[in-house]
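Topology and contacts: notes
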Amino acid sequence: MKHTGATILRLLLERQGIDTLAGIPGGAILPFYDALHGSGIRHILARHEQGAGFIAQGMARVSGRAAVCLATSGPGATNLLTAIADARLDSIPLVAITAQVPQALIGTDAFQEVDTYGLTLPITKHNFLVRSAAELLEVIPLAFRLAESGRPGPVAVDVPKDVLLAEHEFAAWPEPGAREPTPACAEAEIAAALAQLARAERPMLYLGGGIVAGGAAEQARELARRLDAPTVCSLMALGTIPAGDPLDMGMLGMHGGKGTSILMREADVIFALGARFDDRATGKVAEFCPQATILHLDIDRAEIGKIRNAHFGLVGDAAEIIGRLLARLAPQQHPEWRARAAELRAAHPLRHPPRAEDPLHPVNLCRFLAETLPDDAIVTTDVGQHQMWVAQAYPFRRPRTLLTSGGLGTMGFGLPAAIGAALAAPGRRVACVSGDGSILMNIQELATLAELGLPVAVIVFNNEHLGLVRQQQELFYGERYSASRFPVSPDFAAIARGFGLRGVRIDPECDPLAQIALALAGEGPCLIDVPIRQCENVLPMVPPGAANHHTLTAPEPAYAHD
Amino acid sequence: MTEPTSSTCSANAATGNPLSAARAVVLELRVRNHPGVMSHITGLFARRAFNLEAILCVPESDRTLSRMLLLVVEEPQLEQMERQLAKLHDVLEVRHRADLDAGYFGAIRW
């Protein structure tokens, strides 16, 4: 067979099962867009390459499979960098394909030339600069294999224009790239872990995003039950243990429950599964559960001991390892420890006014959204106070129902990620909870949303501020507010209508929750602008750099608890 | 990489002795040979803030693979650095060269 590089690339993507991808065309990548013409692959035209990158991320976070985003050379590639770095930090499988200037022009400061390979080196799992059409046959399957194997991550492929145009003759197609099976965990590690777990008197599980990536939520829940162990989740693991489960101690860390932080310091064994001891979760590392024996399960050997020395490491696939542990672990009962957990949970609830008094308090708002949206709704967030309120107050019961930028914490993630989620989960409702700061960062994707007509509701928690910045300035910078307020606020409902979407601004005086329910009940996409109190703080909060048990909580008298 | 390169860089120039002899460790890597692999390795050291004192890189005879010698200092994070190096797709092997020390690089004639 004889094909151009562009056609080879398209056919390789089809052979990988790619039926949808997101991108924006440009000069260097035109040959590939020509090859896409008439292809079965559905191309989602974003309005900024960062939007395309996050659309692909939304697809990958829902499906667990590598998704593809495209950009042309130069500014197209640089616009993708944020979404690629975000995928790196949250371990999301992504294949980012960029075009490059023709090889003869590389290094000449050509039009729309940047060193994409050099720029993506530190933010990818691996990257390629393809030097011939023949190389595509090796690189593309390998890119997918790398993106999906072991610890998932983004792979960048830079393809010069002359490679796309060149013709290549070859006999056979390569096998599509697939996830490689993970080598089994060493029996000695399993045996050592079992011995520790059998001796535990006050065990806790600390679940991370790796449980989601490994499809091991059910096994993790069974392990918690078997060990009778209260369980905490990082932001990336919310939903792996259903909110409200008797063993659920919610999120740990900077905005986790105070009772949770206290309990963790009393544990004698902490079993971290698919978690990486990120500083948002641990607080001051030296004071994070200093007395406990730490067991650490991870597919990435380099994570064991990176932040916190683990007494026992288990390297391998989460589901496989937990399965082997469960085969030999006798059921445990720790009634006093469980009672202690329940006592702490009851003593340190999330504080907020009753719904009747303050329906638009963010905690009440999140709970109302959870009651109103279908059970299988997917929630994406942007970054800031609204993100933490969703994490604290929205009851997630399944993995891959909260899509949020954890590691990089990228404002602008929410809307395009919601679009990608809706594409990957047809028929399911998607809600993007955003803030008035974040929503502006990829607002242009409202045009993409309108074009696609997907069932995405964008709910803006509007406090006319960069809320979390204001909060930090209030609490830690002597109320010296600097560049954290928006003195002029756009009319987001009007902007949505301008993009061709339903848009509504909620009137806080007139049964606001009913207005929100009405807006959510409508067909297709919409934007709901909800005014919230400007000086609300997300609490509890551990001051940056402090130990988790030094968490600040809400002042006592203000609110009743539930 | 298309030809042998060697360079010596040290963060401890203030000591006057360009290569610290104390607690030096030589790592040998076997890597794929293509443009960009050296950037990968040196970039990794830079962004992990781990001291890379000297580096030598030479292709193997068939030129698809290269060997690298890295002079690093025995610091607590060394094991973590080795694991990070091993994670790179272009790095096929990482091992200690207990038979070499800073003197190996010191013998280069400039």
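All values derive from a computational prediction rather than experimental measurement. (Residues numbered from 1 in each chain as written. Chains lettered and ligands numbered in written order. Predicted model: local features only at pLDDT ≥ 70, side-chain atom pairs only at ≥ 80, totals over all residues. Heavy atoms only, no water.)

What follows concerns the overall build of chain B. Helix and strand content of chain B: 3 helices and 5 strands. Order of helices (α) and strands (β) in chain B, N terminus to C terminus: β-β-α-β-β-α-β-α. Residues classed as buried in chain B amount to 43% of the 110 residues present. Roughly 5,800 Å² of accessible area belongs to chain B as shown, and the carbon and sulfur atoms make up 53% of that amount. (Helix = DSSP H or I, 4+ residues; strand = E, 2+ residues; numbered from the N terminus. Buried < 20%, exposed > 50% of the residue type's maximum accessible area, 1.4 Å probe, protein only. Areas by Shrake-Rupley, 256 points an atom, 1.4 Å probe, with all protein chains shown as cover.)

This part covers the nonpolar core. Residues and elements named next belong to chain A. The biggest cluster of nonpolar side chains holds 70 residues, and the ones touching the most others in it are F271 and I516. When sequence neighbours within four positions are dropped, the list of residues in contact with I516 reads L360, L365, F368, L369, I506, I528 and V530. By size, the runner-up hydrophobic cluster in this structure holds 50 residues, among which are F54, L94, A421 and I443. (Core = buried A, V, L, I, M, F, W, Y, C linked by side-chain atoms within 4.5 Å. Contact = heavy atoms within 4.5 Å.)

Our focus in this paragraph is the sheet that holds strand 11 (residues 248-251) of chain A. All names here are of chain A. As summarised here, the arrangement of the 6 strands in space is 11-10-9-12-13-14, forming an open sheet in which the pairing is parallel. Two strands in the sheet have a free side with no partner beyond their single neighbour: strand 11 and strand 14 (312-315). Averaged over all adjacent pairs, the angle separating strand axes in this sheet is 15°, with direction ignored. Inspection of the sheet shows strand 13 (residues 293-298) paired to strand 14 by 4 bridges, in the parallel sense. Paired with H296 across the two strands is G313, which belongs to strand 14. Sheet strands touched by helix 8 (residues 187-199): strand 12 (269-273), strand 13 and strand 14. Its angle to strand 14, the strand with the most contacts, is close to 135°. (Pairing = 2+ DSSP bridges. Axes fitted to C-alpha atoms, helices over the stretch in contact; angles between N-to-C directions.)

All names here are of chain A. Interaxial distance between helix 15 (residues 362-372) and helix 16 (residues 385-393) falls to 9 Å at its minimum, and their mutual angle equals 60°. Judged by the inter-axis angle, helix 15 sits oblique to helix 16. Crossing hand, helix 15 versus helix 16: right-handed. Of helix 16, the residues touching helix 15 (which contributes P362, V363, C366 and R367) are W389, V390 and A393. (Parallel < 35°, antiparallel > 145°, perpendicular 65-115°, else oblique. Left-handed = near helix turned anticlockwise from the far one by under 90°.)

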